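# Topology and contacts: notes
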Amino acid sequence: MTTEPATSTDSGWDQAIYRCGRCGVEHTVTTEDAYLQAVGVHNDAHAVWDRLNPIERDGLASILSTILSAPDLGAELLTLARRQKNLDGGTGARQ
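Summary of the structure given here. (Residues numbered from 1 in each chain as written. Predicted model: local features only at pLDDT ≥ 70, side-chain atom pairs only at ≥ 80, totals over all residues. Heavy atoms only, no water.)

The next subject is the overall build of the protein. Each helix and strand in the protein was counted, giving three helices and two strands. Traced from its N-terminal end to its C-terminal end, the protein shows the element sequence β-β-α-α-α. For the protein, the residues scored as buried account for 12% of the 95 residues in total. For the protein, the proportion of contacts with a sequence separation of at least 24, taken over those separated by at least 6, is 10%. Counting every atom, the protein has about 7,800 Å² of accessible surface; 55% of that belongs to carbon and sulfur. (Helix = DSSP H or I, 4+ residues; strand = E, 2+ residues; numbered from the N terminus. Buried < 20%, exposed > 50% of the residue type's maximum accessible area, 1.4 Å probe, protein only. Contact = heavy atoms within 4.5 Å. Areas by Shrake-Rupley, 256 points an atom, 1.4 Å probe, with all protein chains shown as cover.)

Take the packing of helix 2 (residues 54-68) against helix 3 (residues 71-87) next. Where helix 2 meets helix 3, the axes come as close as 6 Å, and the angle between the chain directions of the two elements is 110°. When the interaxial angle is binned, helix 2 and helix 3 end up roughly perpendicular. Contact with helix 2, carried on its side by Thr66, Ile67 and Leu68, involves Pro71, Leu73, Gly74 and Leu77 of helix 3 and no other residues of that element. Taken together, the residues of the contact of helix 2 with helix 3 break down into five nonpolar, two polar and no charged. (Axes fitted to C-alpha atoms, helices over the stretch in contact; angles between N-to-C directions. Parallel < 35°, antiparallel > 145°, perpendicular 65-115°, else oblique. Nonpolar A, V, L, I, M, F, W, Y, C, P; charged D, E, K, R; others polar.)

Let's shift gears to the pairing of strand 2 (residues 26-29). Across four bridges, strand 1 (residues 16-19) lies against strand 2 in antiparallel orientation. Among the inter-strand pairings, Ala16 is bridged to a residue of strand 2, identified as Val29. Between the end of strand 1 and the start of strand 2, which pair antiparallel, lie six residues, with Gly24 showing a positive phi angle near 85°. (Pairing = 2+ DSSP bridges.)

We now examine the packing of aromatic side chains. Under the criterion given, the structure shown has one aromatic pair. Summarising the aromatic geometry, the rings of Tyr18 and Tyr35 are spaced 6.2 Å apart at their centres and angled 85° between planes, so their arrangement reads as edge-to-face. Residue Tyr18 is found in strand 1, and its partner Tyr35 is found in helix 1 (residues 32-51); the two are separated by 17 residues along the sequence. You can call Tyr35 partly exposed: its relative accessible area is 26%. (Phe/Tyr/Trp six-rings, centres within 6.5 Å; stacked < 30°, edge-to-face > 60°.)

Turning next to the state of the cysteines. Counted by the stated rule, this structure contains zero disulfides. In this model Cys20 remains outside any disulfide bridge; the closest cysteine sulfur is found in Cys23, 3.8 Å from its own. Note on Cys20: relative accessible area 8%, which makes it buried. A residue is classified by how much of its surface remains accessible, and Cys23, at 45% relative accessible area, is partly exposed. (Disulfide = S-S within 2.5 Å.)

Structural data, given as structure tokens:
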């Protein structure tokens, strides 16, 4: 009897490809957990995208492109947003 966790090859996993039936994106993963996470995150992205109108979609895509190209910028923007929210009394709006 072994106490070692099963590796991906022990459980039959080499790699799996997730293909979205809605948009055609493909994600290649090497574990079952990664597959489940990829499917869940992708479905969540569709749910958010579906709630946005075309102007909001363009704005979000532009903002994400800027932030994801500079991770330090994203962290600083979150810090700034939290600080501003505290200064504004928790409303997030300037008074």
